[in-house]
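# Overview (structure and organization)
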Amino acid sequence: MKKFLSIFLMAIVLFSFNAIADDVKLPEVKYSSLDDKLPMNPEVKHGTLDNGLKYYIMENHKPANRAELQIVFMCGSVLEEDDQAGLAHFSEHMCFNGTKNFPKAELVSFLEKTGMRFGADVNANTGFDRTYYMLTIPLDSAGMLENGFQVLEDWASNVSFDPEEIEKERGVIMEEWRVYRGANQRVMKTHFPNLLKGSKYADRLPIGDTAVILHAPRERFMDLYTNFYRPNLTAVIAVGDFDGKKIEKIIKERFSKLKNPANAKERKEYKIPIHKERIVSIATDKELPMAQVQMYIKHPGMDEGTYRTYRDNIVHRIIGQMLSMRMQELSQSKEPPFLAAGGGFGNFLGDIASFSLVSIPKAEGNGIINGFEAALKEAYRAYQHGFTKTELDRTKEAMLTNMESALKEKDKTESKAYAMECGRNFIEDEGMPGIAYEVALYKKFLPEITIDEVNKVMKSYIKDEGVVVAVSAPEAEGIVVPKEDEILAKIDEVKAMKLEPYVDKVSDKPLFDKELTPGTITSEKKYDKADVKEFTLSNGVRVIYKTTDFKNDEILVRAYSPGGYSNATDDIYLSAEFADAILNNAGIADFTDIELQKMLTGKLVSIAPSIGELTEGFRGMAAPKDFEILMQLVHLYFTNPRLDYDAFDSFISKQKDALKNRDKDPQNALRDTIRVTMSNYHKRERPLTADMLENVDPDDAYDFFRNRYADAGDFTFIFVGNIDEKQLKDFAKKYLATLPTTGRKENWKDLGVKAPKNKLEKKVFKGQEKKSTVYLTMRDDFKYTPENKMELHALVEVLRIQLREAIREEKGGVYGIGVYEGTSHYPNEDYSLSVYFSTNPDRVDELVTEIKRILKEATEKEVDAEYIQKIKEILGREYETGQKENRYWLNSIYNKDFNNEKIESIVDYMKAVEKIDTKMVLKAAKKYIKLNDIIKIVLYPEDMKN
């Protein structure tokens, strides 16, 4: 399926040229014509069986002992007849509800026994033009690989469509339909016929028609399945830590025997016409929290897979990034016309592409039309005057280094990413020559792309035909929703304007020019079991680090110090809570945020201060080559934070507008009720409103930030990644040991926020859809120990499976049901055990009763040993892959250190998992399930209030 264009609304990260290691030899780019097809990645073995089935095989060792198996069918909702609307998606569900070799629910049960988590490692999705199935298979158990391919084979030819299972699944599909009901769905229902006018796509949203979902006979499922789940519309993809020759043999043996039906229905390619007239679609809804204006200008789609298209897409990406960067700069002005905006060109859906301009305008007063005008003016400014050479050079630099960084990570890239690329090659004919060849293409094409070419392409985007403007707006007092003729008149007005050219302001000052006298390292220690090291600097800063080879171009950092905004007095607490965001939006030292972004062209680095309730610190990352810049930025945040009143006004203005209609969303009403209830209506836990932001003062925020970062002596920095130990120590002595210290002794403060622990029920009546969301929770004191945390976690993992089986699979009452635990060490030791789901309001009591029955049963008898086997396998598999991820280690080290636990116990996790048994889960259930103290908060539609 050609996906909707993803609009780049956030700041682009800017990178540098010449970042490839000297020993990387790029392949030579050869072609006789730009219309030649790109070569296939030589590491991908691909072919077509006699029956037309395509296959892709790639050996890849990240993650180790895993195989990513996928199967893709060119079957989607656009191929359905009227009496099949929704059956492509329904059939996807049925693939998990019984096949020849895995009857009924045995497939999911079997996969869980092997350590795969339903949803994370086992999943599928249906679009307009295709259906995609994904399995992550562990390879360290005999027969697993063969069983994985058996699953794929069954999906391709042996789905049972058991009538009993179809009836059960109707309820699940209806609940999935219900989950997405709301303002966004209602607005989309208005816009889709206009966006896709004159095409079948407009009438074939994958979720389908509820009448079909509830009543379609088995024969109509079988018709769709037989016609379109056929070999010549199928691809099998295998990427993983295996022998590719063995995999090819398995695929040929298993899938060559599949046959295409004798009189298969034609798979039509449906067109989306490019209309001459300009279309305006306006949708308002009283539950919509924010406004949005989307403008699409349709163009003929691009033929994928050729050198020409690849080069054209580079040009499109350049323009999209430059235009979106201009939009971001405008959004940070003192009085921003929109919260965010962006633009770009790409394939849209079916056979068309589009130039898209999307803005989230300020909705108050005439904000919608004004925000649309502002975004439109930036597009026309680029149309009239083009972009500047400095913008182009900076964006080229960014793009090339992005590609070079990807090449550096070639051997560290997850198998799933390669498998998805193979899927796009099959579905969309997207070229996949391999990252080394793509870098070579960038090195060839980027120097050829001139400012004149870019500006000419930008002009080609904007035309009068194929235009659709979709306006989505809240129905609220004070919001002026523009009419169709006003939108069209605004387009004509902006088109006729003589706009001033954009001026690219770039600072020529150095980022860091301080002369520093390095401090010293006063002590060192090792945690040998975990291969983690630590040293302390002369000013008291602690540095904990782990050197890994999991990523070639990544160093992660997290830093913390006790305190946080719990130390703020009541009169400035809102300013304190926003202090990190306000200062982060202000830039640093002498540079605005936009100037800083432009300065960091060529640098793969990001760092941001973070102030929470109990701590202040940093989160960030850098490539090894840019590690020193990361340390310089940390030093500057401590010593030279920047207060920018214009940036503050911009930030608060956007925050106010985002909050004005937030409470119109029923889910936000529920979240707010949960928050105030679970805090016993504590003043500091009140839901944030636009009026409350009047109390945020920039000087108070700045002063609080300076206070929090005035003393580095109690800070701990944690680094994980491709670290040069000598470099780390040198930079730490220079940039961290020279940070200010005051010798103060401080900690966080207990604000007295206490959750209720006794039975309580609340009903929230909000929304027009027949949909309820249910929140059940139990909370109490807790002895914070590793053993108790594992007990609670094991219980929750068992309950996740049990409640999914009972509430989703057996009763068909939900699409998904979540079970969550929470444990807190500071400022008080307590725990929570919560259940969360959405359902039909008429079934709330029935399902809550069943959940309570299952919870009660968990306290009375030991669970079946099969559940223990499943959760131990799942937890073991997750730990196995986590051990090879930098972020896993960063977070684990932080959690252990923050909670005063032994860092070396990270590697003892599996010992704790092995202790899980039926007796432990029963003990945990008796301890943590408190049926007499359940807090129940339920969202109901408004019309059920009386």
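Below, the structure is looked at part by part. Every value quoted in this text rests on a predicted model; they were computed, and no experiment measured them. (Residues numbered from 1 in each chain as written. Predicted model: local features only at pLDDT ≥ 70, side-chain atom pairs only at ≥ 80, totals over all residues. Heavy atoms only, no water.)

Within the protein chain, the regular secondary structure consists of 29 helices and 23 strands. Computed over the C-alpha atoms, the radius of gyration of the protein chain is 29 Å, within 12% of the 30 Å expected from 2.2 N^0.38 for a compact globule of 946 residues. For the protein chain, the spread of C-alpha atoms along the three principal axes comes to 80 × 75 × 65 Å. Counting only residues that meet the buried cut, the protein chain has 58% of its 946 residues in that class. In the protein chain, of all internal contacts separated by at least 6 residues, the share reaching a separation of at least 24 is 85%. Roughly 38600 Å² of accessible area belongs to the protein chain as shown, and the carbon and sulfur atoms make up 48% of that amount. Put simply, the protein chain has 137 plus and 154 minus side-chain charges, and the middle of one group is 1 Å from the middle of the other. (Helix = DSSP H or I, 4+ residues; strand = E, 2+ residues; numbered from the N terminus. Rg over C-alpha atoms; globule rule 2.2 N^0.38 Å. Buried < 20%, exposed > 50% of the residue type's maximum accessible area, 1.4 Å probe, protein only. Contact = heavy atoms within 4.5 Å. Areas by Shrake-Rupley, 256 points an atom, 1.4 Å probe, with all protein chains shown as cover. Lys, Arg positive; Asp, Glu negative; His and termini not counted. Charge placed at Lys NZ, Arg CZ, Asp CG, Glu CD.)

What follows is about helix α24 (residues 786-810). Here α24 contains 25 residues, and its C-alpha end-to-end distance of 35 Å stays within 8% of the 36 Å for a straight helix at 1.5 Å per residue. After α24 finishes, the residue glycine 812 shows a positive phi value of roughly 60°. (Expected span 1.5 Å × (residues − 1).)

Before going further, it helps to spend a moment on unusual backbone geometry. Note that the residue after lysine 62, namely proline 63, is joined by a cis bond; omega there is 0°. In this structure, proline 63 sits in the loop between β2 (54-59) and β3 (66-73). Going from tyrosine 826 to proline 827, the amide bond is cis rather than trans, its omega being -5°. With phi around 50°, phenylalanine 161 is a residue other than glycine that occupies positive phi space. Positionally, phenylalanine 161 belongs in the loop between α3 (144-157) and α4 (163-179). For phenylalanine 161, a relative accessible area of 0% puts it in the buried group. Phi at aspartate 429 takes a positive value of approximately 65°, unusual for a residue other than glycine. On the secondary structure map, aspartate 429 appears in the loop between α12 (415-428) and α13 (435-448). Taking the relative accessible area as the measure of exposure, aspartate 429 reaches 35% and is therefore partly exposed.

A sheet is described by the order of its strands in space; here six strands give the open sequence β1-β2-β6-β3-β5-β4, paired in mixed fashion. Edge strands, defined here as strands with exactly one partner in the open sheet, are β1 (44-48) and β4 (122-126). With strand direction ignored, the average angle separating the axes of adjacent strands in the sheet is 10°. Where β2 and strand β6 (residues 234-240) come together, six bridges link them in parallel fashion. By the bridge assignment for β6, methionine 58 is matched with valine 239. Packing of helix α1 (residues 87-94) onto the sheet brings it into contact with β4 and β5 (131-138), and relative to β4 it is tilted by some 170°. (Pairing = 2+ DSSP bridges. Axes fitted to C-alpha atoms, helices over the stretch in contact; angles between N-to-C directions.)

The next point concerns the pairing of strand β10 (residues 352-361). Here β10 lies mainly inside the structure; ten of its ten residues are buried. Of the two faces of β10, both are covered, the one formed by Ile352, Ser354, Ser356, Val358 and Ile360 as well as the one formed by Ala353, Phe355, Leu357, Ser359 and Pro361. Here strand β8 (residues 292-300) pairs with β10 via eight bridges, running antiparallel. Bridge pairing in β10 links glutamine 294 to valine 358. One ladder, built from ten bridges, connects strand β9 (residues 338-349) with β10; its direction is antiparallel.

For the structure on display, the rule yields 52 aromatic pairs. Relative to phenylalanine 719, the ring of phenylalanine 627 has its centre 5.5 Å away and its plane inclined at 80°; by these criteria the two rings are edge-to-face. On the criterion of sequence distance, the pair formed by phenylalanine 627 in helix α19 (residues 627-639) and phenylalanine 719 in strand β18 (residues 716-721) is long-range, its members being 92 residues apart. On the accessibility criterion, phenylalanine 627 (1% relative accessible area) is buried. Given the relative accessible area of 0%, phenylalanine 719 is considered buried. Consider the rings of tryptophan 748 and tyrosine 826, whose centres lie 4.8 Å apart with planes at 45°: the pair is tilted. (Phe/Tyr/Trp six-rings, centres within 6.5 Å; stacked < 30°, edge-to-face > 60°.)

The buried fraction of strand β22 (residues 830-839) is high, at eight of ten residues. Direction of pairing for strand β20 (residues 772-781) relative to β22: antiparallel, over a ladder of ten bridges. Residue pairing across strands places aspartate 780 opposite tyrosine 831, the latter belonging to β22. Hairpin remark: strand β21 (residues 817-824) followed by β22, antiparallel, with five residues in the connecting loop.

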